[in-house]
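So the chains spell out like this:
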Amino acid sequence: MDLFSRSWTALLAAVADLEDADFERPSGCAGWLVRDLVCHLVIDAQDVLITLVTPADTEPTRDAVTYWAVSRTAPTGDDPLDALIVRLAAAYEEPWLLTFHLNDVGSAAGRAARLADPDLRVSTQDQVLTAGDYLSAYVLEWTLHHLDLIAHLPDAAGPPAETLAGARELLEGIAGAAFPTSFSDRDVLLVGTGRRTPTEAETHQLGSLAARLPLHLG
């Protein structure tokens, strides 16, 4: 849960440091500008708040690894929610309105996470997890989106080293295999989720794992 706070705090700080012109740059999410990604983070923060106040009285059906739905097919942008986010982001018109909303909802989500009992069972998407597992799963979400945010902003601060390592560990759990130690945590996340195509040398190092990549998470 500490990694959740660190990854989320770093991501919010990275958004706060954006210049207005940065919101019109492409993000690492195919088809999304930075402003669209930031709008998506608002929705994510709302989901965290909703889930943490939706207790369940049954046994967990998922953990931090099995929370993720894995597909070999990349998102096309045709999903109705993806299309809604693009329209909603454009409706903010001024970047400061979007960052104000994210800071407002995001700060509340961060406080709720710090106050949550890690053993509390919560419900989301018709599944039950402990709050600890749910928040741990989001370390991967925040870290990937931090990399998406700065994909075309070379001077922007990246995710903290400890959250990159935590996200790598979780992705390796999802993959059911360890990535080569020669891969940096950042490269594991980018290559493993299809955000970057592996080089010929990297493909060789991946061995049989290469055939199972990329993992598109939803």
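For the structure itself, consult the block above.
From a predicted model like this one, the values you see are computed outputs, not experimental measurements.

### Comments concerning unusual backbone geometry
In this model, Leu213 is joined to Pro214 through a cis peptide bond whose omega is 0°. Following the sequence through the fold, Pro214 ends up in the loop between helix 8 (200-206) and strand 4 (216-217). If you check the backbone angles, Gln125 has positive phi at about 50° while not being a glycine. For Gln125, the position within the fold is in the loop between strand 2 (121-124) and strand 3 (127-130).

### Points about the pairing of strand 2
Of the two faces of strand 2, the one lined by Val122 and Thr124 is fully buried and the one lined by Arg121 and Ser123 carries no buried residue. Note that strand 2 and strand 3 share four bridges and pair antiparallel. Bridge pairing in strand 3 links Val122 to Leu129. What sits between the antiparallel neighbours strand 2 and strand 3 is a turn of two residues, in which Gln125 has the positive phi angle 50°.

### Here we look at the side chain of Thr51
Along the polypeptide, Thr51 turns up in helix 2 (residues 34-52). Take Thr51: its relative accessible area is 3%, and that puts it in the buried class. Thr51 has contacts with Val122, Ser123, Thr124 and Tyr134, leaving out every residue within four places of it along the chain.

### Brief notes about the side chain of Thr124
Counting through the fold element by element, Thr124 comes out in strand 2. Classification of Thr124 as buried rests on a relative accessible area of 13%. If near-sequence neighbours (up to four positions away) are discounted, Thr124 is found in contact with Thr51, Tyr67, Leu129 and Tyr134.

### Details of the packing of helix 1 (residues 2-16) against helix 4 (residues 95-115)
Between helix 1 and helix 4, the shortest axis-to-axis distance is 11 Å and the interhelical angle comes to 170°. With respect to helix 4, the axis of helix 1 lies roughly antiparallel. Here Phe4, Ser5, Trp8, Leu12 and Val15 of helix 1 come into contact with helix 4, specifically with Thr99, Leu102, Gly106, Ser107, Ala109, Gly110, Ala113 and Arg114. Looking at the contact of helix 1 with helix 4, its residues break down into seven nonpolar, five polar and one charged.

### Structural notes on the packing of aromatic side chains
Applying the stated criterion to the full structure yields seven aromatic pairs. Ring plane angle 50° and centroid distance 4.8 Å describe the contact between Tyr138 and Trp142, whose orientation is recorded as tilted. Remark: Trp142 and Tyr138 occur in helix 5 (residues 131-149); sequence separation between them is four residues, near one turn of the helix. Relative accessible area serves as the criterion here: at 4%, Tyr138 is assigned to the buried category.

### Observations concerning the nonpolar core
Membership of the largest hydrophobic core comes to 62 residues, with the highest contact counts inside it found for Phe4, Trp8, Val38, Val48, Tyr134 and Leu149. If you list the elements that add at least two residues to this core, you get helix 1, helix 2, helix 3 (80-91), helix 4, helix 5, helix 6 (161-175) and helix 7 (185-192). Here this core gets eleven residues from one element, more than from any other, and that element is helix 5.

### Quick notes on a negative patch on the surface
Together, Asp17, Glu19, Asp20, Glu93 and Glu94 make up a region of like negative charge exposed at the surface. Turning to its location among the elements, Glu94 is positioned in the loop between helix 3 and helix 4. By relative accessible area, Glu94 is classed as partly exposed at 42%.

### A look at the environment of Val188
In this fold, Val188 is placed in helix 7. Here the alpha-carbon distance between Val188 and Ala108, two residues 80 residues apart in the chain, equals 31 Å.

### Focus: the packing of helix 2 against helix 3
Interhelical geometry of helix 2 versus helix 3 gives an angle of 105° and a closest axis separation of 8 Å. Taken together, helix 2 and helix 3 sit at an angle that is classed as roughly perpendicular. When helix 2 is examined against helix 3, the residues Arg35, Asp36, Cys39, His40 and Ile43 are found in contact with a partner set consisting of Ile85, Val86, Leu88, Ala89 and Ala90. Considering only residue class, the contact of helix 2 with helix 3 consists of seven nonpolar, one polar and two charged.

What counts, and at which threshold
Residues numbered from 1 in each chain as written. Predicted model: local features only at pLDDT ≥ 70, side-chain atom pairs only at ≥ 80, totals over all residues. Heavy atoms only, no water. Helix = DSSP H or I, 4+ residues; strand = E, 2+ residues; numbered from the N terminus. Buried < 20%, exposed > 50% of the residue type's maximum accessible area, 1.4 Å probe, protein only. Pairing = 2+ DSSP bridges. Contact = heavy atoms within 4.5 Å. Axes fitted to C-alpha atoms, helices over the stretch in contact; angles between N-to-C directions. Parallel < 35°, antiparallel > 145°, perpendicular 65-115°, else oblique. Nonpolar A, V, L, I, M, F, W, Y, C, P; charged D, E, K, R; others polar. Phe/Tyr/Trp six-rings, centres within 6.5 Å; stacked < 30°, edge-to-face > 60°. Core = buried A, V, L, I, M, F, W, Y, C linked by side-chain atoms within 4.5 Å. Patch = residues over 30% accessible without salt bridge, like charges linked within 9 Å, V, L, I, M, F, W, Y side chains within 5 Å. Areas by Shrake-Rupley, 256 points an atom, 1.4 Å probe, with all protein chains shown as cover. Salt bridge = Lys/Arg side-chain N within 4 Å of Asp/Glu carboxyl O. Lys, Arg positive; Asp, Glu negative; His and termini not counted. Charge placed at Lys NZ, Arg CZ, Asp CG, Glu CD.

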